[in-house]
Amino acid sequence: MLEDHAKLMAFFEQADEVVGRKRLQKMVYILKKSGFDFSERYSFHFYGPYSEELTTRIEELCNLGFLVEEKEKEKGYYQYRYTLTNQGTSFLDDSMIQAPNMSDLIEKMNAKSSKFLELVSTMLFFDTFPKEEVEQKVLTVKSKQNYTDEDLQEAWAFIDEMQSH
């Protein structure tokens, strides 16, 4: 039952902390699209790929005391900071989950802006289409983000780097 929860806890253990709900959604999605075994289903939402299952599991981990969600006021809006608790670490240590090392990839994603991760995850959502169509779809559904050709090229390079882990 808690295998999927334990995989998420391994992600948090390797991340130390994740700041932002949108960032969390995008990071897990990018890892999933890069071949890591996350089972959450995603659909396309306002900010790109979104998983209601991930939101529910995060809520459950917080309710179990395995994860702490801190709400911070930031420039007129609330931001959420997630960290694994000692109880979560103990549970993870006792679980049989053999989590792959994601630390380097998590670090690379944490170095990027949420806007960039939104671009990358949106491109990955349309990855069954040819490159030119992916770019057109992204520029259409994300027209308010004003992504440039340079942004798209940086995102393609990032995707290649993430998927060649």
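Everything below is about the structure printed above this text.
Reading guide: rules and limits
Residues numbered from 1 in each chain as written. Predicted model: local features only at pLDDT ≥ 70, side-chain atom pairs only at ≥ 80, totals over all residues. Heavy atoms only, no water. Helix = DSSP H or I, 4+ residues; strand = E, 2+ residues; numbered from the N terminus. Rg over C-alpha atoms; globule rule 2.2 N^0.38 Å. Buried < 20%, exposed > 50% of the residue type's maximum accessible area, 1.4 Å probe, protein only. Contact = heavy atoms within 4.5 Å. Areas by Shrake-Rupley, 256 points an atom, 1.4 Å probe, with all protein chains shown as cover. Lys, Arg positive; Asp, Glu negative; His and termini not counted. Charge placed at Lys NZ, Arg CZ, Asp CG, Glu CD. Patch = residues over 30% accessible without salt bridge, like charges linked within 9 Å, V, L, I, M, F, W, Y side chains within 5 Å. Salt bridge = Lys/Arg side-chain N within 4 Å of Asp/Glu carboxyl O. Polar contact = N/O pair within 3.5 Å; in protein donor to acceptor, adjacent residues only side chain to side chain.

A. Focus on the overall build of the chain. Looking only at helices and strands, one finds eight helices and five strands in the chain. Secondary structure elements of the chain occur, N-terminal to C-terminal, as α-β-α-β-β-α-β-β-α-α-α-α-α. Computed over its C-alpha atoms, the radius of gyration of the chain comes to 16 Å, within 12% of the 15 Å expected for a compact globule of 165 residues. Considering only C-alpha atoms, the chain reaches an extent of 45 × 40 × 25 Å along its principal axes. A total of 165 residues make up the chain; the buried ones form 43% of that total. Pairs at least 24 apart in sequence give 63% of the contacts found in the chain among residues at least 6 apart. For the chain, the accessible area works out to roughly 9,100 Å², and carbon and sulfur atoms hold 48% of it. The average position of the 20 basic charges and that of the 30 acidic charges among the side chains of the chain differ by 7 Å.

B. Here's a closer look at a negative patch on the surface. A cluster of like negative charges, contributed by Glu-13, Asp-16, Asp-93 and Asp-94, occupies part of the molecular surface. Within the secondary structure, Glu-13 is located in helix α1 (residues 3-15). Residue Glu-13 is classed as partly exposed on the basis of its relative accessible area, which comes to 35%.

C. View of the pattern of salt bridges. A complete count under the given rule lists 14 salt bridges for this structure. For the salt bridge of Lys-33 with Asp-127, the shortest nitrogen-to-oxygen distance reads 3.0 Å. With Lys-33 in helix α2 (residues 21-33) and Asp-127 in the loop between α6 (114-125) and α7 (131-141), the pair connects residues that are 94 residues apart, well separated along the chain. On the accessibility criterion, Lys-33 (27% relative accessible area) is partly exposed. You can call Asp-127 partly exposed: its relative accessible area is 39%.

D. Layout of the side chain of His-5. Among the structural elements, His-5 can be located in helix α1. Here His-5 falls in the buried class, since its relative accessible area comes to 7%. Polar side-chain contacts of His-5 include one of 2.5 Å to the side chain of Glu-60. In contact with His-5, other than residues within four places in its own chain, are Arg-57, Glu-60 and Leu-61.

E. Summary view of unusual backbone geometry. Unlike most non-glycine residues, Asp-16 shows phi in positive territory, near 70 degrees. Secondary-structure assignment places Asp-16 in the loop between α1 and β1 (17-19). On the basis of relative accessibility, which here comes to 61%, the residue Asp-16 falls in the exposed class. Backbone geometry places Asn-146, a non-glycine residue, at a positive phi of 55 degrees. The exposure class assigned to Asn-146 is exposed, which follows from its relative accessible area of 59%.

F. How the structure looks around the side chain of Lys-142. On the secondary structure map, Lys-142 appears in the loop between α7 and α8 (149-163). Residue Lys-142 is classed as buried on the basis of its relative accessible area, which comes to 5%. Beyond its immediate stretch of four places on either side in the chain, Lys-142 contacts Phe-44, Phe-46, Tyr-47, Gly-48, Glu-118, Thr-122 and Tyr-147.

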